[in-house]
Amino acid sequence: MKQIYKIDNNKFNSIYVSFNYTMNVNKEELSKSALLASVMSKSSKKYKTQTDIEKHLSKLYGSNFDVNVQKVGDLYSIEFRVECVNKKYLPNNVDVLNDCLEFLNEIIYNPNVENENFDKDIVEKERESILQKILSRRDDKTAYAVYRTEQLLCNGQIAGEFLFGDEEIVKNITSSDLYEQYNKMLNESCITVIVSGNLEGHENVDEQIKGIFKDKIDSKFSYDSLEVNSSRNDKNIDVNEVSESQETAQSIITFGMRVLNPKDRDFYVLNVYNAILGSTPSSKLFQNFREKESLAYTVRSRFYRFKNIIVIYAGIQKKNYEKAKKVIYDQLNQIVNGEISKEEFDAAKQSILSDLIEWEDSKIAIAKMLFSNLFAFKNDKITIKDMYENIQKVTLEDVKEVANRIKVEQIYLLGGEADVQN
Amino acid sequence: MYKINANICDELNETTYYTKLENGLSVYICKKPGFKKKIGMFGTKYGSVINDFVDIKTGKRIKVPDGIAHFLEHKLFEKEGANALDLFSKIGVSSNAYTTFDHTVYYFETSEKFEESISLLVKLIKEPYFTDENVAKEQGIIGQEIMMGEDDPEYRVYFNAIKAMYQKNNVRIDIAGTIDSIAKINKELLYTCYNTFYNLNNMFFVIIGDVDVEDTIKLIEKNVNSYDNLKVDKEVEIFFDDEPKEINTKEIKEEMDIFMPQIYIGYKLDVLKNEEIIKNAIVADIVSQMYFSKITGFFNDEYNKGVLIEAPALVYEGSNSFSYILIAAQTLKLEEYKKDIFDYIERIKKEEINEELFNTIKNKKIGSLVIEDDNLNNCYRRVIDSILTQTDIYADVKILNNLKVEDIKSFLDSMTNDNRIVSIINNKK
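Residues numbered from 1 in each chain as written. Chains lettered and ligands numbered in written order. Predicted model: local features only at pLDDT ≥ 70, side-chain atom pairs only at ≥ 80, totals over all residues. Heavy atoms only, no water.

(A) A look at the overall build of chain A. Broken down by element type, chain A carries 15 helices and 12 strands. Its C-alpha atoms give chain A a radius of gyration of 23 Å, within 12% of the compact-globule value 22 Å for 422 residues. Overall, the C-alpha framework of chain A stretches about 60 × 45 × 40 Å when taken along its three principal axes. Out of the 422 residues in chain A, the part that is buried amounts to 61%. Put simply, of all contacts in chain A between residues at least 6 apart along the chain, 84% involve residues at least 24 apart. (Helix = DSSP H or I, 4+ residues; strand = E, 2+ residues; numbered from the N terminus. Rg over C-alpha atoms; globule rule 2.2 N^0.38 Å. Buried < 20%, exposed > 50% of the residue type's maximum accessible area, 1.4 Å probe, protein only. Contact = heavy atoms within 4.5 Å.)

(B) Fine view of the pattern of salt bridges. Residue and element names in this part refer to chain B. Under the counting rule described, the total for this entry stands at 63 salt bridges over all chains. As a salt-bridge pair, D396 and R382 come within 3.0 Å of each other at their nearest N and O atoms. Here D396, found in helix α14 (residues 395–401), pairs with R382, found in helix α13 (residues 376–389); they are 14 residues apart in sequence, far enough to count as distant. What makes D396 buried here is its relative accessible area of 14%. Given the relative accessible area of 9%, R382 is considered buried. (Salt bridge = Lys/Arg side-chain N within 4 Å of Asp/Glu carboxyl O.)

(C) Structural detail: the packing of aromatic side chains. Scanning all chains against the criterion turns up 42 aromatic pairs over all chains. When the ring of Y147(A) is compared with that of F162(A), the centres are 5.1 Å apart and the planes differ by 75°; the resulting orientation is edge-to-face. Here Y147(A), found in helix α5 (residues 141–153), pairs with F162(A), found in the loop between α5 and α6 (167–171); they are 15 residues apart in sequence, far enough to count as distant. Looking at Y147(A), the relative accessible area reads 9%, which means it is buried. Taken together, a centroid distance of 5.2 Å and an interplanar angle of 70° make the contact between F255(A) and Y329(A) edge-to-face. Highlighted residues: F255(A) in strand β9 (residues 251–259) and Y329(A) in helix α11 (residues 321–336), separated in sequence by 74 residues. Accessibility expressed as a relative area gives 29% for Y329(A), which makes it partly exposed. Pairwise contacts between aromatic rings join F101(B), Y155(B), Y158(B), F159(B), Y166(B), Y264(B), F322(B) and Y324(B) into one cluster. (Phe/Tyr/Trp six-rings, centres within 6.5 Å; stacked < 30°, edge-to-face > 60°.)

(D) Broad picture of the sheet that holds strand β11 (residues 203–209) of chain B. All names here are of chain B. Reading across the sheet, the 7 strands line up as β1-β2-β3-β11-β4-β10-β9 and stay open at both edges, with mixed pairing between neighbours. Looking at which strands have only one partner, the edges of the open sheet turn out to be β1 (5–9) and β9 (94–99). Between one strand axis and the next, the sheet turns through 15° on average, direction left out of account. Note: strand β4 (residues 38–44) against strand β10 (residues 104–110), 7 bridges, orientation antiparallel. Opposite G43, over in β10, you have V105 as the bridge partner. Taken strand by strand, helix α1 (residues 68–76) contacts β9 and β10, and its axis lies near 160° from that of β9. Here helix α3 (residues 114–126) sits on the sheet and contacts β4, β10 and β11; the angle it forms with β10, its principal contact strand, is near 160°. (Pairing = 2+ DSSP bridges. Axes fitted to C-alpha atoms, helices over the stretch in contact; angles between N-to-C directions.)

(E) Highlighting the interface of chain B and chain A. The partner chain A presents 63 residues to the 55 residues of chain B that form the contact. Here chain B meets chain A over a buried area of about 5500 Å², counting both sides, of which 54% is carbon and sulfur. Summed over the three residues of chain B that lose the most area to chain A, namely Q144(B), Y303(B) and I371(B), the buried surface amounts to 12% of that side. Our count for the chain B to chain A interface comes out at 4 salt bridges. Residue E291(A) is joined to K137(B) by a salt bridge in which the shortest nitrogen-to-oxygen separation is 3.4 Å. (Buried area = accessible area lost by both parts, 1.4 Å probe.)

(F) Representation of the domain arrangement of chain A in the model. Residues and elements named next belong to chain A. Splitting chain A by domain gives domain 1 (4–225) and domain 2 (240–416). Of note, the centres of domain 1 and domain 2, computed from C-alpha atoms alone, are 30 Å apart. Of the residues lining the interface, 39 residues belong to domain 1; the matching set on domain 2 comes to 38 residues. Taken together, the two surfaces of domain 1 and domain 2 that pack against each other cover about 3300 Å², and 68% of this comes from carbon and sulfur. Summed over the three residues of domain 1 that lose the most area to domain 2, namely L152, L153 and Y223, the buried surface amounts to 21% of that side. (Domains from an automatic or database assignment.)

(G) Structural context of a negative patch on the surface. All names here are of chain B. Taken together, the side chains of E115, E116, D212, E214 and D215 present a region of like negative charge at the surface. Counting only elements with at least two residues in the negative patch, the list comes to α3 and α8 (213–225). Relative to the helices and strands, E116 resides in helix α3. (Patch = residues over 30% accessible without salt bridge, like charges linked within 9 Å, V, L, I, M, F, W, Y side chains within 5 Å. Areas by Shrake-Rupley, 256 points an atom, 1.4 Å probe, with all protein chains shown as cover. Lys, Arg positive; Asp, Glu negative; His and termini not counted. Charge placed at Lys NZ, Arg CZ, Asp CG, Glu CD.)

(H) Structural view of the domain arrangement of chain B. All names here are of chain B. Domain boundaries in chain B define domain 1 (5–225) and domain 2 (251–427). The distance between the C-alpha centroids of domain 1 and domain 2 comes to 28 Å. Each partner contributes to the roughly 3700 Å² buried at the junction of domain 1 and domain 2, and carbon and sulfur atoms together form 69% of this total. Counting every contact that joins domain 1 to domain 2 gives 2 salt bridges.

(I) Broad picture of the nonpolar core. Counting residues in each nonpolar core, the largest one holds 145 residues, and the members touching the most others are F19(A), F80(A) and M185(A). Per-element tally for this core: the top contributor is helix α9 (residues 274–292) of chain B, with 10 residues. Not counting the four nearest positions on each side in its chain, M185(A) is found in contact with Y21(A), M23(A), L36(A), M40(A), I78(A), F80(A) and I108(A). Membership of the second largest hydrophobic core comes to 78 residues, among which are A97(B), F108(B), F197(B) and L200(B). (Core = buried A, V, L, I, M, F, W, Y, C linked by side-chain atoms within 4.5 Å.)

(J) Quick peek at the packing of α1(B) against helix α7 (residues 187–197) of chain B. Residues and elements named next belong to chain B. It is the contact of α1 with α7, at a shortest axis distance of 10 Å, that shows an interaxial angle of 95°. The angle between α1 and α7 places the two elements in the roughly perpendicular class. Contacts between α1 and α7 involve I68, F71, L72, K75 and L76 on the former and, on the latter, L189, L190, C193 and Y194. Within the contact of α1 with α7, the residues separate by chemical class into 8 nonpolar, no polar and 1 charged. (Parallel < 35°, antiparallel > 145°, perpendicular 65-115°, else oblique. Nonpolar A, V, L, I, M, F, W, Y, C, P; charged D, E, K, R; others polar.)

(K) Representation of helix α12 (residues 342–359) of chain A within the structure. Between its terminal C-alpha atoms α12(A) stretches 26 Å, which fits the 26 Å expected from 18 residues at 1.5 Å a residue. Taken across its 18 residues, α12(A) has 13 buried, putting it largely inside the fold. (Expected span 1.5 Å × (residues − 1).)

(L) Broad picture of the environment of N13(B). By secondary structure assignment, the location of N13(B) is in the loop between β1 and β2 (14–20). As for N13(B) and I424(B), which are separated by 411 residues in sequence, their C-alpha atoms are 43 Å apart.

(M) Molecular detail of the sheet that holds β9(A). All names here are of chain A. What the 5 strands build is an open sheet, ordered β8-β12-β9-β11-β10; its pairing is mixed. Unpaired on one side and paired on the other, β8 (240–246) and β10 (299–304) mark the two borders of the sheet. If you compare each strand with its neighbour and ignore which way they point, the axes differ by 15° on average. Relative to strand β11 (residues 309–316), β9 is paired through 8 bridges, and the arrangement is antiparallel.

(N) Representation of the environment of H74(B). Structurally, H74(B) can be placed in helix α1. H74(B) gets classed as buried once you look at its relative accessible area, which sits at 9%. With 52 residues separating them in the primary sequence, H74(B) and K126(B) have C-alpha atoms 14 Å apart. Those residues in contact with H74(B) that lie beyond four places of it in its chain are Y297(A), E138(B), I141(B), I142(B) and E145(B). Side-chain polar atoms of H74(B) contact the side chain of E145(B), separated by 3.1 Å. (Polar contact = N/O pair within 3.5 Å; in protein donor to acceptor, adjacent residues only side chain to side chain.)

Here it is in structure tokens:
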């Protein structure tokens, strides 16, 4: 099985290295994984504290390191990443890539563990950090409203959980629980290694990685053995309306929608559908909800490729709630009825095509696209060119057909109590 | 004919070309071989702090309502009822515009429609279209934008910090203005500001990407010259109220319905000029890393006491009318953090500077500039900074290479108790 993906382009000056551990988790394991990622980013056997880590990195000419977590549909993924300068651009051509790889190996495979327990002090600090992330999630109103909608739509599934886990679970995780989760990460995940950037003079980076990591990165699971969507998207559910109040000037309205009976080609059609509906300035929501009706400054729709759901969100005044609902329904119905001008349709397609081309200008974006294609398409051969051609093939009839399978399930309002403007 | 200057930066393996067209417009092209995306930006040295100036048509001094530069940005990026974002979007190009304290920029990003995009961008800026109706409609949309800022704790803590420092300068007012001030904007005022600040001599065109330099300059010139251009040779006359040296107030504290309190510490400085502005921003970044980042004993202590989870970030922001340092942090232990950081700043001012650490951080910053240069957005920020400060494009790289320990010392000395303010957004207990 091929595990190290190289994306080489000498227009860049630097190199991005990404190690991803993607796994099935339950609710408890999600919280444990979030805390684990946080603890591992702060300490290892050799670099006991984050100060030691930062001091080491500061000697590597701007090399930066981070540990990120993300949900891949109903899977959970921990990413260990570094970014460093190609030796060509450094004084005396110092090779910092090798140092960065050694550093990642140290962080991932030599954690600060004694007697099957992570260092307790660090666990306590990072527990506090994760709890603060969970408790402050309401501080960004729009992000919170979108998260609540995901939660309502994906009730009981990992995709509906908060990225950093659950307050009560996080409070009770022990450092031996974390060690257990660490072993699960090593042994029961799909490990994906991607190197992207200017590899001139670093052509053998894959061999270099194998030399350093040995068989540790031969993962038991491959991307095609993990299921990203645990729901079948086949039930037609009645619309559910939920509202919560909050002391803000503005209110946020969201619509949560599901694509019923998804098909293989839907990904391309849904991208076009989403662009027509609300992801671009020529979209129906931007044109009508914002420009024509002046109902909002921000209005957008977001398509979740792994779950086949769509969320619309907009910042409105509370008194306009009923009108906002009506205008959103109008836009959805227009697409169902095929009321899409050629201009709207072409603009939507063109914007997706341009985005595809521009992804190749970012060494990180292109790596992320590869990663997400692995899990969505179960295929590591899909190129940007393939995607480009498939988008081009989408017809208006395709969009109409998919629109008929999109059902509104949730309408949510985060209502501003202080909403008294004019 | 115009002369093209090539500015080569070996450290970043990059060249930027500059010319001033006969019509007065300055054009900058930062060449990025191999990149598919091309960014085009048409901008003016006009932002929210400017509200008192000489009307270029009448020669009379005029005061205009707060938020008008931003309002003008919204209205210009619209053509007979159609939003410019949409016009670009129709040809598959993404675009946007933004207003800051001291400049306004309109830009597009495209891989395939470069020529069409230039011509559309020039058309939008050169054909203003203001009516009573479209001004009234915009008051609604901008009203929502202002309210969105009010709900954002990070935005509020930032603006309150500036309000605490400044007594007169308009930097203390939200870039979008207030609900009351934008109500006073009408189409006549918009035309006055447009005519004065959107004259080519006050504007700049920036291109980032893999383009042919001469063809692109000709293309821009041809498009701009297809409109009547008022020929202006002198700089626009702008007035600022005399800003006292003293801060406005020591502390601004507000409460919001949030969990995580935000705190900014600010230091109001004397206004700097040209390269000094670029230099202070670089020194600020190095000071931030040497004294406040996760490397430091200070952060480590605060982390161990449960005061800080993320390291505070210190930045410098400056123009020809304002100049300040901000240190941003989030903490649930506001009083403890305040006391600790004040004591710490007094202590580091007295201590000798660790030269080895300084050199390490300097090298780190050099590497970071190379890494950041892979992102075209960082390339344009450098060009715009150089336009606004009237400095060499790669001044930052040169200044960084020549930076000395003494520069750190004098920066630290500029942080005094007299010019210090605090802005806090606390949670409601």
